[in-house]
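Overview (structure and organization)
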Amino acid sequence: LATIQLQSQVVANAVEQEDGVITSSATTTSPTSTTTEEEEKTPKYRPLHQNWFPVSITTALNSDRPNAIELLGEKLVLYRDDYSGKTGANNNNDHGESWKCLADRCSHRFAPLSEGRLVVHSKDDVDLTKSDSGTKGGGGCASCTIQCAYHGWEFNSEGECTRVPQYNSSSKKELDERKASSVPSYPVRVEAGMVWVWSDPDESSWEMAHSIPLPISPLVRESYEKFGAEACFMRDLPYGMELLGENLLDLSHLPFSHHGVGKLQRNMGGELPLRVMGGQERVDYARWEEEFDGTSTGHAGNNYAVPLYQVEILNATQNDPMFLSIAAMLPNGVSPDANGTIAFFEPCHVRYRRERVSGTFGHVELFMSPTSAGKSRVFLWNTIRRPPPAAPSGEKQSLKSRLASLSPLSAIKKRAIAILMNPASARSHTISHLIFDGDGIFLHKQGNRMQSSGQTFRQYSTPTSSDVLLNSYRRYLDAAAKLSIERSGSNSAAESVSFIGSAYRDDMPRSVMLDRYESHTKHCSVCSAELARCEKRKGFYETAEVSFAGAGGASAVALLISLASNAVPRSIVRAAAVSTVASVIGSFGVSKRKRSVEKKIQSFLFEDYVHAEKE
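Below is a summary of the structure that appears in this document. (Residues numbered from 1 in each chain as written. Predicted model: local features only at pLDDT ≥ 70, side-chain atom pairs only at ≥ 80, totals over all residues. Heavy atoms only, no water.)

1. Some thoughts on the packing of aromatic side chains
Spelled out, the test is: Ring geometry is summarised as follows: Phe, Tyr and Trp rings, the Trp one being its six-membered ring, pair when their centres sit within 6.5 Å, and such pairs are stacked at plane angles under 30 degrees, edge-to-face over 60 and tilted between the two. Helix and strand assignments follow DSSP, with helices taken as H or I runs no shorter than four residues and strands as E runs no shorter than two, numbered in order from the N terminus. A simple rule labels every residue: compare its accessible area, found with a 1.4 Å probe on the protein chains alone, to the largest value its type can have, and call it buried under 20%, exposed over 50%, or partly exposed in between.
Using the criterion set out here, one finds eight aromatic pairs in the structure. Plain terms: the ring middles of F233 and F436 are 6.0 Å apart, the flat faces sit at 15° to each other, and that makes the pair stacked. With F233 in strand β14 (residues 233-237) and F436 in helix α13 (residues 426-453), this residue pair connects regions lying 203 residues apart in the sequence. According to the relative accessible area criterion, F233 is buried, its value standing at 2%. What makes F436 buried here is its relative accessible area of 3%.

Right under this line is the structure:
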């Protein structure tokens, strides 16, 4: 206890109360550490609304129609302005320059553009591809405008009104004279299968936007190239980014909130000593990404992000709950010198980097999207990178080992491991649901308690070092939100990460808080396809169940008649008896399979999570 209190005091002394910056005076939370540095200068945060945020994975979007999204309390619309010939959702064409984002309101009478349609224009359509001042893109490709469903006004990818059907002219000059207003547009990037939006429509900030690297690690890029965007688990959550960030940066809650998931157990909860890493140390640590330079997944010119805050888990083998759970499954799965760090990247990225055995790195990378007050969207990547296979030694491989590697059993084993490790699978997504279900209800209700009592994070009781990151995160978020109000004159961004109105309701049904269909399944090509297959199998089992019931009934009647009549040959009696028994067994088997598939169907819709029932 004395050690924890000392660690907490060192951390508390190192935190600037004004803006929550952890300075280098907190580069140690360990009483035995001798690390010293000159005090760092306070970093300058960007206003919350001047940042890149992920809003969707590409496979969750329709390429042939507008897509409604929400970011920082603003209703936006995403669409592709190139015509690829592909229609519908779930195409994997990730050209970032093709996706465009506008405010989701027509400048005419503010009807949502997301309820409209895309109008395809050929390369010869001069009215669309040229303005009075010259060429505006087009580039010889077919492109699209977005047409409002209310009165047919059309807007190009820059938000300019290009057509008003009620006025017989598409000249930009004449439309401007008629006050056909534009709608705000937002820069878009697509990387690693995620669509990112710069949340400030003010063009004066766009040059800065394009100079900021996205905090996507090479491991995430590798996973995307191997498995596609479906390797990313995306889900909408019934609480805001302010509580989501706290939760993701808090490693100590895992054994309790997620007891029974994998091998996590409540008795694994305990002391979690953390060492806060200084500014230059964070920069040096981030250089592990340099080994990927010049590859398809690397960042040329060392253009990688550096975390705003980062801690090292001290004695990770004994203190990291994830290492403890792995050791419970694999006795030799975690080496004595295993290590791990937790990092927060401005404005919305949390990264766990663990080395459980030498050269094998596992990343849990999470990205947060602040949709509106009391609501957020999370993007989860689980990745692993093992060292390359050792080069063959001078000794010849034994015949036994060569035969073992070629055996059918070895191939089956490899295939089974590949299936289990595939992040782009319904099985993987179901496990991710369990993680977020474990937090969902109490985080929403935490927001309700704070909202109704007027309390903030500053009233938290945080006496241990395990809370150092979340406290720093909340101070950062508070400072960035205040800057947004000062710079933009709008409260929208700040309100989307605060307790306002009735965003957190104590009477929200559990089926809504833990909903899986609206929050994930209908947007996920993997899970929606698996759900369709399950529903098809359920229909087959229902038909078979009726058939067995009918056959069993007929056989039973025939058996009774046979037994009542001495004139019926014994062979017919036996046949009727066998048919009756077979029908009963078949009906039982089909019913069991139907219940199994119904349970699986339910896993794509809603499953309650009651902590008191988790033994």
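2. Some remarks on a nonpolar patch on the surface
Put simply, the rule is: Patch members must show over 30% relative accessible area and no salt bridge, and they are joined within 9 Å when carrying like charges or within 5 Å when they are nonpolar side chains of Val, Leu, Ile, Met, Phe, Trp or Tyr. Using the Shrake-Rupley algorithm and a 1.4 Å probe, accessible areas are obtained, with residue cover drawn only from the displayed protein chains. In what follows, salt bridge is the name for a side-chain nitrogen of Lys or Arg lying within 4 Å of a carboxyl oxygen of Asp or Glu.
A cluster of nonpolar side chains, I384, L420 and M421, forms an exposed patch at the surface whose accessible area comes to about 270 Å². Judged by its relative accessible area of 34%, I384 falls in the partly exposed class.

3. Remarks on the side chain of H259
Using the following cut-off: By the criterion applied in these results, polar contacts are pairs of N or O atoms within 3.5 Å in which, for protein atoms, one can donate a hydrogen and the other can accept it, and in which residues neighboring in sequence qualify only through two side-chain atoms. The contact rule is simple, with two residues in contact once any of their heavy atoms fall within 4.5 Å.
Note on placement: H259 falls in the loop between α7 (254-257) and β15 (274-276). Within polar-contact distance, the side chain of H259 engages the backbone nitrogen of R266 at 3.1 Å. In this structure H259 touches L254, L264, Q265, R266, Y609, K614 and E615, once residues within four positions along its chain are discounted.

4. Focus: the sheet that holds strand β5 (residues 117-121)
We apply this condition: Strand pairing is assigned whenever DSSP detects at least two bridges linking the two strands.
Ordered in space as β5-β8-β9-β10, the four strands form an open sheet in which the pairing is antiparallel. Each having just a single partner strand, β5 and β10 (161-163) make up the two edges of the open sheet. Sheet analysis places strand β9 (residues 154-155) next to β10, joined by two bridges and oriented antiparallel. Residue pairing in the sheet places F155 in a bridge with C161 of β10.

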